[in-house]
Structure formats: C-alpha cells, structure tokens
Amino acid sequence: MKKRETQISTIIGMGAVCDGDFASDGAVRIDGTVNGNVTVTDTVIVGASGCIHGDINSRKVVIGGEVYGNLNVPEKVELTSTARVIGDLTTSALVIDEKAVFQGRCDMNQDVSKKVKLNNKAVKAMKKSAKSAIVEALREVGEGTEEGSRENAGDTDPAAGETTTSE
C-alpha cells in the first residue's frame, strides 16, 4: 500500500495574522498566527513559527509550533519536538516527540463507562479481600491472647519455638 502524500492547498505564511475563525478544504500549513478556530477537511500542519489561539477540527494534525485550544482530530495528532499544546485532545492516534510540551487531557475514543464498571468491581473485590484479611488477623490475635493467658506470663522465644518462664 502506497503512503498518500499530503498536498497543501493553503499556506498562512510567517508573519501573517488571521483574526477570526479559519476554514479550508484540503490540507493547510500555518507558519503565521491564527486568532480563532481552525476547521480543515484534511490535514493541519502548524510550522515551528506557527501559532493558533483557538480550537482545531481536522482529520489529521502535525504540530511544530504553538496551539492554545482543544484539538478534535479523528485520525492522528503528531506533536514534534518544538510543539507546545495547551488544551485537550480527542483523537484515535497520538505521537508525542520527546521534547514536545503538552498540557491537557487526552481522550483516545475509548468507552469510559466500561472502565468505570470494571474499576468498581475491582474495588469491591479488594474491599471484600481486605475485610476477610482483617477478620483472619483478628481471629489469630484472639487465639494468641488465649494461649498467652494460659501460660501465665510465659515468654515465647519465636526462634526456638519454646516457652520460658521467668522466676
């Protein structure tokens, strides 16, 4: 299968400023600043000098610059080493380079309700296990107290397993 190359149809150049929401068909490269939401049908590429103050809605995103907003990207989000993203991500694939900055929440399109039910079951099982461990420990302590009172102040040497009486 041949990898499809992204053909950029719109470029917002370095130094250009777009105030307001921006929408385009195809792929877009942003090296300037967009102060508004970006909606693109294909791919958004934010160059190292690019900056977006708003949400991004597109099929794929590659970020090398700054984004201050939420990303709703069904296919793939890629944050390169120069990326800085402050906002929440919703995507099915995420690649974050080692030096990239990401501050926000990431939703990888998983059904959270199923996880919560599993966690509740696990917590109940742990509580039941802990309760039975406490009951068992109390039973052992109770048995140990009865033996100690029968021996009338005898000291037990756990290493020897013997009881010695002090006179």
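See the structure above.
Residues numbered from 1 in each chain as written. Predicted model: local features only at pLDDT ≥ 70, side-chain atom pairs only at ≥ 80, totals over all residues. Heavy atoms only, no water.

Visitor: So, the overall build of the chain: which residues are in play, and what are the values?
Guide: When helices and strands are tallied, the chain shows one helix and 20 strands. Evaluated residue by residue, the chain yields a buried proportion of 25% over its 167 residues. By sequence separation, contacts in the chain at least 24 residues apart represent 3% of the contacts at least 6 residues apart. On the chain, roughly 11300 Å² of surface is accessible, and the fraction owed to carbon and sulfur atoms is 52%. (Helix = DSSP H or I, 4+ residues; strand = E, 2+ residues; numbered from the N terminus. Buried < 20%, exposed > 50% of the residue type's maximum accessible area, 1.4 Å probe, protein only. Contact = heavy atoms within 4.5 Å. Areas by Shrake-Rupley, 256 points an atom, 1.4 Å probe, with all protein chains shown as cover.)

Visitor: Account for the pattern of salt bridges, with residues named and values stated.
Guide: Pairing is possible between side chains of opposite charge, provided their charged atoms come close. Under the definition given, this model contains four salt bridges. Between Arg59 and Asp42 there is a salt bridge whose closest N-O contact spans 2.4 Å. Of this pair, Arg59 sits in the loop between β9 (56–57) and β10 (60–63) while Asp42 sits in the loop between β6 (38–40) and β7 (43–46), and the two are 17 residues apart along the sequence. Overlapping salt bridges bring together Asp42, Arg59 and Glu75 as one network. (Salt bridge = Lys/Arg side-chain N within 4 Å of Asp/Glu carboxyl O.)

Visitor: Requested: an account of the side chain of Asp31, with residues and values cited.
Guide: With respect to the secondary-structure elements, Asp31 resides in the loop between β4 (27–30) and β5 (33–35). Setting aside its immediate chain neighbours within four residues, Asp31 contacts Ile12, Gly13, Met14, Gly47, Ser49 and Gly50.

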